2 protein chains.
Amino acid sequence: MLETNSQTEIASIMQTLGSQARVAAAALAQVPTEVKNQALRAAASAIRDSEAEIIAANAADVAAADERGISGAMRDRLILNPDRVEAMAKGLEDIANLPDPVGRVMAEWERPNGLQFQRVAVPLGVIGIIFESRPNVAADAGALCLKSGNAAILRGGSESYRSVQEILKALQAGLAVAGIDANAIQMIPTTDRAAVGHLLTMSDDVDVIVPRGGKGLIERVTAESRIPVFKHLDGINHTYVHAGANPDMAAQVVLNAKMRRTGICGATETVLIDKNLLVSHLPGIVAALQEAGCEIRGDASVQAIIPDAVLAKDEDWDTEYLDAIVSIRAVSGLEAALEHIAAHSSHHTDAIITDDAEAAEVFLNAVDSAIVVHNASTQYADGGEFGFGAEIGISTGRFHARGPVGLEQLTSYKYKVRGSGQTRPA
Amino acid sequence: MLETNSQTEIASIMQTLGSQARVAAAALAQVPTEVKNQALRAAASAIRDSEAEIIAANAADVAAADERGISGAMRDRLILNPDRVEAMAKGLEDIANLPDPVGRVMAEWERPNGLQFQRVAVPLGVIGIIFESRPNVAADAGALCLKSGNAAILRGGSESYRSVQEILKALQAGLAVAGIDANAIQMIPTTDRAAVGHLLTMSDDVDVIVPRGGKGLIERVTAESRIPVFKHLDGINHTYVHAGANPDMAAQVVLNAKMRRTGICGATETVLIDKNLLVSHLPGIVAALQEAGCEIRGDASVQAIIPDAVLAKDEDWDTEYLDAIVSIRAVSGLEAALEHIAAHSSHHTDAIITDDAEAAEVFLNAVDSAIVVHNASTQYADGGEFGFGAEIGISTGRFHARGPVGLEQLTSYKYKVRGSGQTRPA
């Protein structure tokens, strides 16, 4: 591991990495599906074969992290065991089984002059992935990039450097079996933070940046990047219990939306409830949440019904708890719910619970979020649940990709125009 | 016209403009097609009704530009006459007649758990358009943004300020007729260049920037923008005459590709020709070009056949002439042509002329340009010719939109998920 590099050295390392990636990407764009799948399956075998080396490298990472006093949650994300190694290998095979997004004919038409047009999917090019602690992201993201014909430049956190290095060896062994340029998946060979600064400004050699990690990482990437970024900063998601909601469905869906996993970006953070439902629906919803260990913060009208609820402060409506805490606000109706969501949502995923189909359509049209849901849990905000097979992240941006970013979203397109000697009239 | 503003004043003007645009965009996203079309048709009438005012404002712009000594080409682009005013009005009506890109169901599917997914087109939000000299871009771009449900912030060159102001009045009169917020189309109310600097960093209130103008403008926008940009910097386009080319088709298509209009981004700048065709095909191609007044710059083997050709220098292969000049290079075959294009193309539009279908497919797959063409002129690189009805520009970027940027490319999407109480399993 290179730990101390001069700034000149880092600039040169990054430049080399970038131009190697660009060359590898040009070749990879033309590699047939079966060859990419062969590489993915061979990489899965290589991961299984090097389980011992991966776990040993990971143990060294964990030991170094323990010395520096890593937090419990980060430590858990860092650790690899035989099950997690097998899950990585299985993940590669799953991606091999997904359809190839490259070469899809997205549209075709003919013009009156006989010109035939095709819009055909092509890879984006080079993707930089910056991630924290979970070393298995290297396998997952590298494989998604490979399948979509993109070269990947990986940058894990310094705490997972040795683990990522071993995983990369296995991925590159897979590339070698299929005869694909090893530079199709590279990692930044230094833990120096300045290297990330370079990556974010290499707009000639990098086409998109995917940050996977906490808010601090994403804020830094957003502030510094001169390259488009697939990102979501927050998941302040709402579930709105409308006047037409079935009480049992409301209780079950809210419980799942908030508590299935509290730490994921699709978790509901705020429940809005029609004021007419405070007596009929709220107690059932709160009982289910409290039984699961959730703290309730409510406005005054919620507190009037649920005396042990904490009184919500203004900042509660703008807080992503990522924890067993929910804020609940009573609203006068659909319009007020839409206003609250427009003002406080992070435009990730928002849901309405109602049997009133008309109200549901108004909500689905008016709420300006990447994912809008009727009568289901916001925790379905996930590429796998959408049927994308896998995702590299979720985007709340409006540009290029919105919502789960799967293989299709990792492609661009070009137009093929076929003629028979047409010349354009003056 | 505000000509001298303090920097504080400009910052405040731009902030107001941006937040007004964001509010207008939120409302515009929900406006039905017929209401948007009503606004476009009313704006067309208003443009016709204010022909005298528009032409008077334009005359003042031209007089001021003459005083500063404007160039002939710029002066021609600046001038509005009754024909050009009518063309603007007609352009608005044409856009009213195009299908609404908002609300299109781009994909729909159901998952085994019964959840129903729809991917639905929504507007991008707020679009900043920065253009030079041609004041009619204000009408054209404003109308495309309106039809696609986006709020527009227009910034013309200082030389067209008064003309754009009059055109904007007519557009806003159209908005008023349909009851749409006047802030759906705004212009920057100062000619101070610092205002553009603000626009390019207003990433909270502006979703995409479209620069329309010369290389200087596009370079400045690219360097300064913190917002995604739809752009092409160069159109260094190639027409490759392959060994299998019909000589007549080659001569006609090359002539059109180079000489139909030399100043547009889809014009061919370099012709590549198989060395085996130097005797059989080259004289016919060159004769047609020379008769149309084109200067020939060729490599040594071209010069051997065409003695009056200028010997091309290295920089000729990287030059966008935008003029009646062509560079011609002999290549050993398809592979060499692909190598030259990979090294020198600006990835805008590249064409192959051949009757060899297999060679054509290799070319269409391998050339990494927004538009790849078989047996037709590169001058078809245009949204109108693609059947898009209209375009706001052409993008050589790979992110979000590539090639002609029409109404569909001015939209993003969201996912609507409809369920019946589904909760996500652990």
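Going by the structure above, here's the rest.
Basis of the calculations
- Residues numbered from 1 in each chain as written.
- Chains lettered and ligands numbered in written order.
- Predicted model: local features only at pLDDT ≥ 70, side-chain atom pairs only at ≥ 80, totals over all residues.
- Heavy atoms only, no water.
- Least-squares fit on C-alpha atoms with pLDDT ≥ 70 in both.
- Contact = heavy atoms within 4.5 Å.
- Pairing = 2+ DSSP bridges.
- Helix = DSSP H or I, 4+ residues; strand = E, 2+ residues; numbered from the N terminus.
- Axes fitted to C-alpha atoms, helices over the stretch in contact; angles between N-to-C directions.
- Salt bridge = Lys/Arg side-chain N within 4 Å of Asp/Glu carboxyl O.
- Core = buried A, V, L, I, M, F, W, Y, C linked by side-chain atoms within 4.5 Å.
- Buried < 20%, exposed > 50% of the residue type's maximum accessible area, 1.4 Å probe, protein only.
- Parallel < 35°, antiparallel > 145°, perpendicular 65-115°, else oblique.
- Left-handed = near helix turned anticlockwise from the far one by under 90°.
- Nonpolar A, V, L, I, M, F, W, Y, C, P; charged D, E, K, R; others polar.
- Phe/Tyr/Trp six-rings, centres within 6.5 Å; stacked < 30°, edge-to-face > 60°.
- Lys NZ or Arg CZ within 6 Å of the ring centre and 35° of its normal.
- Buried area = accessible area lost by both parts, 1.4 Å probe.
- Polar contact = N/O pair within 3.5 Å; in protein donor to acceptor, adjacent residues only side chain to side chain.
- 1 Å grid on protein atoms, 1.4 Å probe; cavity = no way out; pocket = protein on both sides within 12 Å on 5 of 7 lines; lining within 4 Å.
- Points joined across faces, edges and corners; volume = space filled by probe spheres on them.

Draft legend 1. How the structure looks around the relation of the copies chain B and chain A. The transform that puts chain B on chain A rotates by 180 degrees and translates by 0.0 Å along the axis, for an RMSD of 0.0 Å. Taken together, these values place the two copies in the relation of a two-fold axis. Considering only C-alpha atoms, the residue of chain B closest to the rotation axis is B:H400, which sits at 1.9 Å. Interface overlap between copies is the fraction of interface residues in one copy that are interface residues in the other; for chain B against chain A it reaches 100%, indicating a shared surface.

Draft legend 2. Structural view of the sheet that holds strand β5 (residues 185-187) of chain A. All names here are of chain A. Pairing within the open sheet is parallel, and its four strands lie in the order β5-β4-β3-β6. Both outer strands of the open sheet, β5 and β6 (208-212), are each paired with one neighbouring strand and no more. Within the sheet, the average angular offset between the axes of one strand and its neighbour, ignoring direction, is 20 degrees. For strand β4 (residues 151-155) and β5, the ladder comprises three bridges, and the chain directions are parallel. Of the residues in β5, the one forming a bridge with A152 is I185. Of the strands in this sheet, β3 (126-131), β4 and β5 touch helix α1 (residues 7-28), which is tilted by about 145 degrees from β4.

Draft legend 3. Molecular detail of the pattern of salt bridges. In total, this model carries 44 salt bridges over all chains according to the counting rule given. Across the pair A:R220 and A:E224 runs a salt bridge whose closest N-O atoms are separated by 2.9 Å. Of this pair, A:R220 and A:E224 both sit in helix α9 (residues 215-224), four residues apart, roughly one helical turn. Here B:D368 makes a salt bridge to B:R402, at a shortest N to O gap of 3.1 Å. On the criterion of sequence distance, the pair formed by B:D368 in the loop between α14 (357-366) and β13 (371-376) and B:R402 in the loop between β14 (393-395) and β15 (403-405) is long-range, its members being 34 residues apart. Salt bridges here are not isolated pairs; linked through shared partners, they connect A:R22, A:D205 and A:D207.

Draft legend 4. Up close: the nonpolar core. Residues A:I47, A:I129, B:I47 and B:I129 are the most contacted members of the largest nonpolar core, which totals 140 residues. Filtering out sequence-adjacent residues up to four positions away, B:I47 remains in contact with B:I54, B:V85, B:M88, B:A89, B:L92, B:A139, B:I167 and B:A170.

Draft legend 5. Fine view of the packing of helix α6 (residues 137-147) of chain A against helix α7 (residues 161-178) of chain A. All names here are of chain A. For the pair α6 and α7, interaxial distance at closest approach is 10 Å and the crossing angle is 30 degrees. Classified by the angle their axes make, α6 and α7 are roughly parallel. Here the hand of the crossing between α6 and α7 comes out right-handed. Packed against α6, whose contacting residues are A138, A139 and L146, the element α7 presents V164, I167, L171 and L175 at the interface. Along the lines of polarity and charge, the residues of the contact of α6 with α7 split into seven nonpolar, no polar and no charged.

Draft legend 6. Region of interest: unusual backbone geometry. A positive phi angle, near 60 degrees, is found at A:H347, a position not held by glycine. With respect to the helices and strands, the residue A:H347 is situated in the loop between α13 (334-344) and β12 (349-353). When its relative accessible area of 29% is taken as the criterion, A:H347 is described as partly exposed. Even without being a glycine, B:H400 presents a positive backbone phi close to 75 degrees. Mapped onto the secondary structure, B:H400 falls in the loop between β14 and β15.

Draft legend 7. Representation of the packing of aromatic side chains within the structure. Across all of its chains, the model carries 20 aromatic pairs over all chains by this definition. The interplanar angle of 75 degrees and the centroid separation of 5.5 Å between the aromatic rings of A:Y413 and A:Y415 together place this pair among those described as edge-to-face. Across the pair, A:Y415 and A:Y413 agree in class, each one buried. A connected cluster of aromatic rings, assembled from ring pairs, spans A:W109, A:F117, A:Y413, A:Y415, B:F386 and B:F388. Above the face of the A:W317 ring, A:R329 is positioned so that its terminal group lies 5.2 Å from the ring centre.

Draft legend 8. Region of interest: the packing of helix α2 (residues 33-49) of chain A against helix α5 (residues 82-97) of chain A. Residues and elements named next belong to chain A. Following both chains from N to C, one finds α2 and α5 inclined at 170 degrees, their axes separated by 8 Å at the closest point. One element, α2, and the other, α5, form an angle in the roughly antiparallel class. The residues of α5 that touch α2, namely those facing N37, L40, R41, A43, A44, I47 and R48, are V85, E86, M88, A89, K90, L92, E93, I95, A96 and N97. Partitioned by chemical class, the residues of the contact of α2 with α5 number ten nonpolar, two polar and five charged.

Draft legend 9. Quick look at the sheet that holds β13(B). Read from one edge of the open sheet, ten strands run β1(A)-β2(A)-β16(A)-β13(B)-β12(B)-β7(B)-β8(B)-β11(B)-β9(B)-β10(B), paired in mixed fashion. The two strands at the open ends of the sheet, each matched to only one other strand, are β1 (105-110) of chain A together with β10 (310-311) of chain B. Where strand β16 (residues 411-422) of chain A and β13(B) come together, five bridges link them in parallel fashion. When the bridges of β13(B) are listed, A:V417 appears paired with B:V373.

Draft legend 10. Broad picture of the interface of chain B and chain A. Across the contact, 72 residues belong to chain B and 72 residues belong to chain A. Contact between chain B and chain A buries roughly 6000 Å² in total, counting both sides, with carbon and sulfur atoms accounting for 46%. Along the contact surface separating chain B from chain A lie six salt bridges. Elements with a minimum of two residues in the side of chain B that touches chain A: β2 (116-123), α9 (215-224), α10 (247-259), α14, β13, α15 (383-386), β15 and β16 (411-422) of chain B. The leading source of residues in the side of chain B that touches chain A is β16(B), at eleven residues.

Draft legend 11. How the structure looks around the environment of A:D274. Residues and elements named next belong to chain A. Tracing the backbone through its elements, the reader meets D274 in strand β8 (residues 268-274). According to the relative accessible area criterion, D274 is buried, its value standing at 5%. Remark: the alpha-carbon pair of D274 and A245, spanning 29 residues in sequence, is separated by 9.5 Å. Of the polar contacts made by the side chain of D274, one reaches the side chain of Y240; its length is 2.3 Å.

Draft legend 12. Seen up close, empty space enclosed by the protein. Under the defined criterion, the tally for this structure stands at three cavities of 30 Å³ or more. What lines the largest cavity is A:L154, A:R155, A:G156, A:G157, A:S158, A:S160, A:Y161, A:V164, A:M187, A:I188, A:T190 and A:T191. In terms of residue class, the lining of the largest cavity is made up of five nonpolar, six polar and one charged. Space inside the second largest cavity adds up to approximately 40 Å³. As for the second largest cavity, its lining consists of B:A39, B:L40, B:A43, B:G142, B:A143, B:L146, B:L171, B:L175 and B:I185. When residues of the lining of the second largest cavity are traced back to their parent elements, those giving at least two are α2 (33-49), α6 (137-147) and α7 (161-178) of chain B. Across the lining of the second largest cavity, the residue classes tally to eight nonpolar, one polar and no charged.

What is shown is where atoms sit, not what they do.
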